[in-house]
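Summary of structural features
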Amino acid sequence: MKQPVVQEDLIEYGFRRVIITITAVLCALLEIVDTTIVNVALNDMRGSLGASLTDIAWVITAYAIANVIVIPMTSWLSQQFGRRNYFAASIIIFTVSSFLCGNATDIWELIIFRFIQGLGGGALLVTAQTIITESYPVEKRGMAQAIYGMGVIVGPTLGPPLGGYLVDNYSWPYIFYINIPIGIAATILTLTYVKSPKYSEKLTANQVDWWGIVFLSAFIGSLQYVLEHGQQDDWFNDTTITTLSIISFLGLFFFIWRETVYKYPIVNLKVLTDQNLKIGTIMCFILGFGLYGSTFIIPIYTQAILGWTATDAGLLLIPSSLTTAFMMPIIGKLIQKGVPQNYMVAVGFFIFFVFTFWMHNVITPDTGSEHLFWPLIFRGIGLGLLFVPITTLSLSTLKGKNIGEGAAFTGMMRQLGGSFGIAIITTYIARFSQQHRVDLIANIDGAKTNVQERIYMLQHGFMAKGFSPNEALDKAHKILDLSVTKQSTVMSYMDVFMYLGLLFLLCIPIILLVKKGKGKIDMSEAIH
């Protein structure tokens with residue numbers, strides 16, 4: 001694959017550099033905020049669009065699939081169309097589809113527009129990083145990455161409270177409309193200020209790796225459908241699920257074959273021969289699993305079980321992200337001083353385990369926010385210790401253009417981990433809830449005194465409100481049934497936290513096997 005020529009004249013100074021930095025960070029924020037902003041609006045969307053929990057999860061998933069398909073192709077697309085044009089086109093696609101998402105009248109319309117929005121959004125993240133890096137002289141690139149990193153970390157946390165505020169005070173379409181003015185401003189600034197590097201010659205249409213694109217899309221798209229619908233369609237007893245599982249496997253097989261034999265591959269797989277990158281991509285997958293999985297489960301628990309408003313559910317996650325943002329510069333300094341990243345990652349995994357175990361112990365049908373504060377602070381510390389060191393560690397033994405290709409892999413695996421996380425968590429919540437419900441109902445025996453007393457109290461409470469004895473008894477049974485459902489759901493959330501924690505604990509020995517590369521990555525080599 002031909003690389004772009006890195007030019008000195010891309011370096012900007014003064015006012016222009018400030019504008020370019022703001023534009024790029026804004027675009028990266030747009031993309032990241034939109035990954036999580038919908039989480040707190042899911043309940044409202046379900047109500048107004050009449051969708052099931054499984055269908056509504058697609059609003060998050062469709063966006064993530066599109067991201068994952070586009071991220072590995074960004075470096076190639078930038079070369080084909082020129083970076084400035086590609087960046088501006090991505091912002092326009094993102095902005096227009098945001099407007100369409102807000103106007104969607106049913107769930108599948110919303111999901112299709114979310115997918116298109118993800119195709120635009122995937123490019124913003126990687127291209128924004130490249131534009132920021134190129135605009136700073138080599139000696140200031142560390143600062144450039146810190147500015148970008150802060151945006152990337154604070155983004156996922158800005159989403160829920162902002163989404164919550166808009167949903168509570170306006171309505172859910174506004175979480176999409178808010179992108180429109182920012183998108184228009186970013187497009188104008190990009191076309192005015194951002195420069196494109198001069199590229200080597202472009203590929204002609206018949207040289208483009210069309211089959212690579214088809215196989216990649218078949219592999220990821222089918223896999224995602226299987227993960228999302230497996231639970232409700234009874235997994236491999238359903239012909240669609242079985243067919244798509246086979247398509248996904250074949251897609252992966254042919255994608256790997258195509259990229260290794262074709263002269264102009266759309267994704268360079270040879271870079272994965274690097275041992276650290278191999279382990280790093282697995283760690284990024286698990287990090288995505290924990291990051292997006294916990295960001296998905298916490299708002300749903302606080303709203304569905306505790307009855308919080310969307311704003312409160314969103315605000316709960318803010319201290320956690322501020323902790324992570326505060327950790328970023330400290331961890332950057334530690335890496336510069338040569339503290340081994342694998343030790344930092346191991347500590348990060350352990351702290352994340354403490355967070356999940358703590359959550360497993362504190363969540364009940366009526367937990368107060370003060371009990372959730374400290375576990376979430378631990379989540380913030382854990383993420384801080386994982387995010388930068390895993391990325392740096394993955395790329396630490398790569399050279400030159402391979403750094404950019406490696407960075408695309410880590411980004412892709414983080415997103416894919418998030419999609420897997422959400423799909424697997426929704427499946428397990430459904431399975432565990434059914435199991436716990438069966439177990440709990442077995443304990444409710446009408447012959448037991450305490451059960452009779454509870455029903456008697458509830459019945460008399462309803463009779464005091466004017467219901468007949470039969471109606472009151474019926475309502476008493478319904479209340480008891482709701483209470484069992486709530487308890488079984490909370491127990492399934494507890495199980496999910498426990499298994500997440502064990503997953504992170506298992507990663508510690510793996511990460512300690514990584515050999516030490518040079519800690520400082522020259523980001524100027526990462527241009528792609």
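Residues numbered from 1 in each chain as written. Predicted model: local features only at pLDDT ≥ 70, side-chain atom pairs only at ≥ 80, totals over all residues. Heavy atoms only, no water.

Examining the overall build of the protein
Across its full length, the protein holds 19 helices and zero strands. For the protein, the residues scored as buried account for 57% of the 528 residues in total. A total accessible area of about 22200 Å² is found for the protein, and carbon and sulfur atoms account for 68% of it. (Helix = DSSP H or I, 4+ residues; strand = E, 2+ residues; numbered from the N terminus. Buried < 20%, exposed > 50% of the residue type's maximum accessible area, 1.4 Å probe, protein only. Areas by Shrake-Rupley, 256 points an atom, 1.4 Å probe, with all protein chains shown as cover.)

Description of the nonpolar core
The biggest cluster of nonpolar side chains holds 127 residues, and the ones touching the most others in it are Met45, Leu110, Ile175, Ile298, Phe349 and Leu372. Of all the elements, helix α12 (residues 275-305) adds the most residues to this core, at 16 residues. Look past the residues within four positions of Ile175 in its chain and what remains in contact with it is Ile37, Val38, Ala41, Met45, Gly163, Leu166 and Val167. Residues Met328, Ile335, Leu385 and Val388 belong to the second largest nonpolar core, which totals eight residues. (Core = buried A, V, L, I, M, F, W, Y, C linked by side-chain atoms within 4.5 Å. Contact = heavy atoms within 4.5 Å.)

Thoughts on the side chain of Ser488
Tracing the chain through its elements places Ser488 in helix α19 (residues 469-511). Other than its neighbours up to four places away in sequence, Ser488 contacts Ser433, His436, Arg437 and Leu440.

Structural notes on the pattern of salt bridges
Taken as a whole and assessed by the stated rule, the structure comprises three salt bridges. The closest approach of N and O atoms between Arg114 and Asp34, which form a salt bridge, is 3.4 Å. Of this pair, Arg114 sits in helix α6 (residues 107-135) while Asp34 sits in helix α1 (residues 14-36), placing them 80 residues apart in sequence. A residue is classified by how much of its surface remains accessible, and Arg114, at 0% relative accessible area, is buried. Put simply, Arg437 and Asp481 hold a salt bridge, and the shortest N to O gap is 2.6 Å. Remark: Asp481 occurs in helix α19 and Arg437 occurs in helix α17 (residues 401-443); sequence separation between them is 44 residues. (Salt bridge = Lys/Arg side-chain N within 4 Å of Asp/Glu carboxyl O.)

A word on the packing of aromatic side chains
According to the stated counting rule, one finds 22 aromatic pairs in the structure shown. Among the aromatic residues, ring-to-ring pairing joins Phe99, Tyr165, Tyr170, Tyr174 and Tyr177 into one connected group. We note Arg114 situated over the ring of Tyr63; from NZ or CZ to the ring centre the distance is 4.1 Å. Against the face of Tyr262 rests Arg258, its NZ or CZ located 4.0 Å from the ring centre. (Phe/Tyr/Trp six-rings, centres within 6.5 Å; stacked < 30°, edge-to-face > 60°. Lys NZ or Arg CZ within 6 Å of the ring centre and 35° of its normal.)

Some details on the packing of α12 against helix α15 (residues 341-362)
Viewed as axis vectors pointing N to C, α12 and α15 meet at an angle of 25°, and their least axial separation amounts to 13 Å. Relative to α15, α12 is oriented roughly parallel. Considering how the two elements wind past one another, α12 and α15 form a crossing that is left-handed. Across the interface between the two elements, Met283, Ile286, Gly290, Ser294 and Ile298 of α12 pack against Phe349, Phe352, Phe355 and Met359 of α15. The residue inventory of the contact of α12 with α15, partitioned by class, reads seven nonpolar, two polar and no charged. (Axes fitted to C-alpha atoms, helices over the stretch in contact; angles between N-to-C directions. Parallel < 35°, antiparallel > 145°, perpendicular 65-115°, else oblique. Left-handed = near helix turned anticlockwise from the far one by under 90°. Nonpolar A, V, L, I, M, F, W, Y, C, P; charged D, E, K, R; others polar.)

Considering the packing of helix α18 (residues 449-464) against α19
One can describe the packing of α18 onto α19 by two numbers: an axis separation of 8 Å at closest approach and a directional angle of 125°. Judged on the interaxial angle alone, α19 and α18 are oblique. Where α18 crosses over α19, the handedness of that crossing is right-handed. Only Pro469, Ala472, Leu473, Lys475, Ala476, His477, Ile479, Leu480 and Ser483 of α19 make contact with α18, whose side of the interface consists of Arg454, Ile455, Leu458, Gln459, Phe462 and Met463. Classifying every residue of the contact of α18 with α19 by side-chain character gives ten nonpolar, three polar and two charged.

Digging into the side chain of Thr190
With respect to the secondary-structure elements, Thr190 resides in helix α9 (residues 179-193). Ignoring any residue separated from it by four or fewer positions in sequence, one finds Thr190 in contact with Thr23, Arg84, Phe87, Ala88 and Ile91.

Here we look at the environment of Ala185
Among the secondary structure elements, Ala185 is positioned in helix α9. Linking Ala185 and Thr23, residues 162 residues apart in sequence, is a C-alpha distance of 8.5 Å.

A look at the confidence of the model for the protein
Of the residues in the protein, 89% reach a pLDDT of 70 or more, and the chain-wide mean stands at 79. Here residues 1-7 is modelled with pLDDT under 50, and outside its nearest four sequence neighbours on either side it reaches 22 contacts, counting other chains as well. Below a pLDDT of 50 lies the segment residues 519-528, which in the model reaches 33 contacts outside its immediate sequence neighbourhood of four places, other chains included. (pLDDT = per-residue confidence, 0-100.)

Describing the environment of Ala24
Mapped onto the elements, Ala24 comes out in helix α1. Separated by 107 residues in the primary sequence, Ala24 and Ile131 have C-alpha atoms spaced 7.0 Å apart. In this structure, Ala24 is in contact with Ala128 and Ile132, ignoring residues within four places of it in sequence.

Comments concerning the environment of Ile111
Along the chain, Ile111 turns up in helix α6. For Ile111 and Cys101, which are ten residues apart along the polypeptide, the C-alpha to C-alpha distance reads 8.1 Å. The contacts of Ile111, once residues within four sequence positions are left out, are Asp55, Trp58, Val59 and Ala62.

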